[in-house]
Amino acid sequence: MFIELLRSRRSIRRFQEKPIEPEKRALLEEAALRSPSSRDLNPWEFIFIDDRETLEKLSRSKPHGAGFLQKAALAVCVIADPEKCDIWIEDCSIASVFIHLAAHSMGLGSCWIQIRKRAYNGSNSSESYVRGVLGVPEKYTVLSLVAVGYPAEHPEGHPQTGLPCDKLFINRYGSTKK
Ligand SMILES: Cc1cc2nc3c(=O)[nH]c(=O)nc-3n(C[C@H](O)[C@H](O)[C@H](O)COP(=O)(O)O)c2cc1C
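Keep in mind it's a predicted model, so treat the numbers as computed, not measured. (Residues numbered from 1 in each chain as written. Predicted model: local features only at pLDDT ≥ 70, side-chain atom pairs only at ≥ 80, totals over all residues. Heavy atoms only, no water.)

Visitor: Which residues make up the site of the ligand, and what values do they have?
Guide: Inspection of the region around the ligand gives Arg9, Arg10, Ser11, Arg13, Lys62, Gly65, Phe68, Cys111, Trp112, Ile113, Gln114 and His158 as its neighbouring residues. Lys62 is positioned such that a nitrogen or oxygen atom in its side chain is 2.5 Å from an oxygen atom of the ligand. Gly65 has a polar backbone atom sitting 2.9 Å from a nitrogen atom of the ligand. Considered class by class, the residues forming the shell around the ligand number four nonpolar, four polar and four charged. (Near = heavy atom within 4 Å. Polar contact = N/O pair within 3.5 Å; in protein donor to acceptor, adjacent residues only side chain to side chain. Nonpolar A, V, L, I, M, F, W, Y, C, P; charged D, E, K, R; others polar.)

Visitor: Which residues make up the nonpolar core, and what values go with them?
Guide: Soluble globular proteins tend to pack their nonpolar side chains together in the buried interior. Among the nonpolar cores identified, the biggest contains 24 residues, and Leu28, Phe46, Leu108 and Val148 are the most heavily contacted of them. Elements with a minimum of two residues in this core: α2 (22–33), β1 (44–49), β2 (74–80), α4 (88–105) and β4 (141–149). A total of six residues in this core trace back to one element, the largest contributor, which is α4. If we ignore the near neighbours within four places in the chain, the residues touching Phe46 are Ala32, Leu33, Val76, Cys77, Val78, Ala95 and Ile99. Formed by 23 residues, the second largest nonpolar core is a distinct cluster that contains Ile49, Ile79, Cys111 and Leu145. (Core = buried A, V, L, I, M, F, W, Y, C linked by side-chain atoms within 4.5 Å. Buried < 20%, exposed > 50% of the residue type's maximum accessible area, 1.4 Å probe, protein only. Helix = DSSP H or I, 4+ residues; strand = E, 2+ residues; numbered from the N terminus. Contact = heavy atoms within 4.5 Å.)

Visitor: Describe the packing of aromatic side chains, naming the residues involved and giving the relevant values.
Guide: Under the definition given, this model contains three aromatic pairs. Taking the centre distance of 5.2 Å and the plane angle of 35° together, the rings of Trp44 and Phe46 count as tilted. A relative accessible area of 17% places Phe46 in the buried class. Judged by centre distance (4.1 Å) and plane angle (10°), the rings of Tyr120 and Tyr129 are stacked. (Phe/Tyr/Trp six-rings, centres within 6.5 Å; stacked < 30°, edge-to-face > 60°.)

So yeah, pure geometry; function would need other evidence.
Structure (structure tokens):
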């Protein structure tokens, strides 16, 4: 059941020093390319990175929240040509989540690293830094890097009792009557 996958899903930031098998990597590639997009315009493109030196550079994309990429087996950079579709952010977000869930379904851990609207330092954006590291042409925007690898931490899924049920309404905002 898909709900069991969601129940056990967590963001993973600590990884084993173990490479991802080519078959699993191929499934991650397929999952990314099967992401739905508005009007089927597919504005996204993906860069799969397993080169250690490049992963190390990407781990410095922003001062906080990316350092764990240094130990990841793989990063998937999700980019888009915003000229292709006005709602590329939604399309790229869905693709990032597809990669995250596909990884979990195969016993891999992963974590979204936000790049869009983040700063590399006082004068440069994380986007322009990542574009520079990966040789991405200027016309593309960079939404995220998804770090993937075999997990070295195993946090529990969020408990049923902890779900924010106060955010759920029936028929009308504020109504909880069934
Ligand atoms: C849009 C988005 C951006 C995120 N950016 C980062 C990030 O830059 N660095 C990071 O370590 N985690 C990032 N995360 C992971 C969240 O911190 C994580 O999903 C949240 O704390 C809930 O934890 P869980 O995924 O284990 O349930 C991001 C998640 C989302 C959905």
